[in-house]
Amino acid sequence: MKYHPFALRVLSATFAVAALAYASAVSAQPGAIMSVPPPGTASQTQLPILKEVGLDQKLNAQVPLDLTFTDENGHDVTLGSLMGTRPVVLALVYYECPMLCTEVLNGLVASAETLSFDAGKQFDIIAVSFDPGETASLAAQKKAMYVKRYGRPGAEAGMHFLTGRQQAIEALTSAVGFRYKYDPTTDQFAHVATLTILTPQGRVSRYLEGIEYAPRDLKLALVEATNGQIGTAVDRALLFCYHYDPETGKYGLAIMNLVRLGGIAVVAGVASFILFNLRRRPQTPAVITAATDKR
């Protein structure tokens, strides 16, 4: 039987999709050597203060919306007054941090610059200092620098740089599981580098760890925080292919979803191939003769 060229192309493309899904699944599986770190002595030589620093992930935890902080203009505001309509990227930092906090904010803005979403329209950025000794003037300086760097219209309304009292700071950091420690010998704070993604209602949705945040991870986290209410259909479809890994604070390929998608593609392609050829199957001589006799 001769097959139509179009049908052959459909079948070839179908098996190509399945092969790609299988290859992705195989290549993404870590080997035994890579998945087990070699033994070391880092835990034995860890500085005592670092044992009190870390991140206890509290997904779906509610942030107290009635907590009062001071904004960059010196006005008292509650967290709830800054939230309610858009997801929030919460950055817990302190403005006089000599290195790490600046890297966190730099990484956030660098990633946000590449998104099609705009701060102040699709999401908000809230930076909160966990140093109760810092002032609104420091917050204003930081905000001015990052608003200028971000450079998009409406950014000023979408970025909030806050300071607060110890009680409010402790309540917020505890709610999201952010553990930090002041070191009087260096007059600095020891802390982790992370962003916390909050839903518009103030619930913890995702954590993005480190100082560099892949634009894809930031976008998917924001889309998830709103249950797909922002972003395009393609953005929502990507959530099927990528899943959030709490251990790494990043999004990775959802291998089984790709395999399932490849299987569905194979079945659909084969079915289309068969139906296409059945419809184009030439009539047998008996059928042609019967049709002629009726005339």
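Residues numbered from 1 in each chain as written. Predicted model: local features only at pLDDT ≥ 70, side-chain atom pairs only at ≥ 80, totals over all residues. Heavy atoms only, no water.

Novice: Whenever I open this one, the side chain of Asp131 confuses me. Can you help?
Specialist: With respect to the helices, strands and loops of the structure, Asp131 is situated in the loop between strand 5 (124-129) and helix 5 (136-150). Of the buried charged residues, Asp131 lacks a salt bridge, with Lys142 as the closest side chain of opposite charge at 12 Å. There is a polar contact of 2.9 Å between the side chain of Asp131 and the backbone nitrogen of Gly133. (Helix = DSSP H or I, 4+ residues; strand = E, 2+ residues; numbered from the N terminus. Buried < 20%, exposed > 50% of the residue type's maximum accessible area, 1.4 Å probe, protein only. Lys, Arg positive; Asp, Glu negative; His and termini not counted. Salt bridge = Lys/Arg side-chain N within 4 Å of Asp/Glu carboxyl O. Polar contact = N/O pair within 3.5 Å; in protein donor to acceptor, adjacent residues only side chain to side chain.)

Novice: Just checking my understanding: could you explain the layout of surface pockets for this structure?
Specialist: The gaps of empty space that remain are located by a probe, the size of a water molecule, rolled over the atoms. Of the voids in this model, the second largest pocket is the one considered here, and its volume is about 220 Å³. Among the residues forming the lining of the second largest pocket, the class breakdown is 10 nonpolar, three polar and one charged. (1 Å grid on protein atoms, 1.4 Å probe; cavity = no way out; pocket = protein on both sides within 12 Å on 5 of 7 lines; lining within 4 Å. Points joined across faces, edges and corners; volume = space filled by probe spheres on them. Nonpolar A, V, L, I, M, F, W, Y, C, P; charged D, E, K, R; others polar.)

Novice: Before we go on, may I ask you to explain the sheet that holds strand 10 (residues 194-198) in this structure?
Specialist: Strand pairing within a sheet occurs via backbone hydrogen bonds; the two strands may be parallel or antiparallel. Strand order in this open sheet of five strands is 6-5-4-10-11, and the pairing throughout is mixed. In this open sheet, the two strands that pair with only one neighbour each are strand 6 (159-162) and strand 11 (204-209). Taken pair by pair, the neighbouring strands of this sheet meet at an average axis angle of 20°, ignoring direction. Relative to strand 11, strand 10 runs antiparallel, the two being bridged by five bridges. The residue of strand 11 that forms the bridge with Leu195 is Leu208. Each of strand 4 (88-93), strand 5, strand 10 and strand 11 touches helix 7 (residues 166-176); the most contacted strand, strand 4, lies at about 120° to it. (Pairing = 2+ DSSP bridges. Axes fitted to C-alpha atoms, helices over the stretch in contact; angles between N-to-C directions. Contact = heavy atoms within 4.5 Å.)

Novice: Explain the side chain of Lys142 to me, please; I cannot follow it from the model alone.
Specialist: Here Lys142 lies in helix 5. Notably, Lys142 is buried but unbridged: the nearest opposite-charge side chain belongs to Glu134, and the N-O separation is 8.2 Å. The contacts of Lys142, once residues within four sequence positions are left out, are Tyr95, Thr102 and Phe161.

Novice: Would you take a moment to explain unusual backbone geometry for this structure?
Specialist: Only a minority of non-glycine residues have a phi that is not negative, and only a minority of peptide bonds are not trans. The backbone of Asn60 shows a phi angle near 75°, a positive value even though the residue is not glycine. Here Asn60 shows up in the loop between strand 1 (54-55) and strand 2 (68-70). You will see that Asp187, though not glycine, has its phi angle at about 60°, which is positive. For Asp187, the location among the structural elements is in the loop between strand 8 (181-183) and strand 9 (188-190).

Novice: Help me understand the confidence of the model for the protein chain in this model?
Specialist: Keep in mind that low pLDDT regions are not for reading the predicted coordinates in detail. Looking at the protein chain, the pLDDT average stands at 77 and 61% of residues meet or exceed 70. Confidence over residues 13-37 falls short of pLDDT 50; this stretch has 19 contacts with residues more than four positions distant or in other chains. Predicted confidence for residues 255-268 stays below pLDDT 50, and this span has 20 contacts to residues more than four positions away or in other chains. (pLDDT = per-residue confidence, 0-100.)

Novice: Looking at this structure, I do not really get the environment of Lys51. What am I missing?
Specialist: When you line up the elements, Lys51 lands in the loop between helix 3 (42-45) and strand 1. Counting along the chain gives 129 residues from Lys51 to Tyr180, while the straight-line C-alpha distance between them is 9.9 Å.

Novice: What is the right way to read the nonpolar core from this model?
Specialist: Among soluble globular proteins, nonpolar side chains are generally buried collectively. By size, the foremost hydrophobic cluster in this structure holds 61 residues, and its most contacted members are Phe69, Val89, Phe123, Leu172 and Leu218. Apart from the residues within four sequence positions on either side, Leu218 is in contact with Val89, Leu108, Ser111, Ala112, Leu115, Ile197 and Leu208. (Core = buried A, V, L, I, M, F, W, Y, C linked by side-chain atoms within 4.5 Å.)

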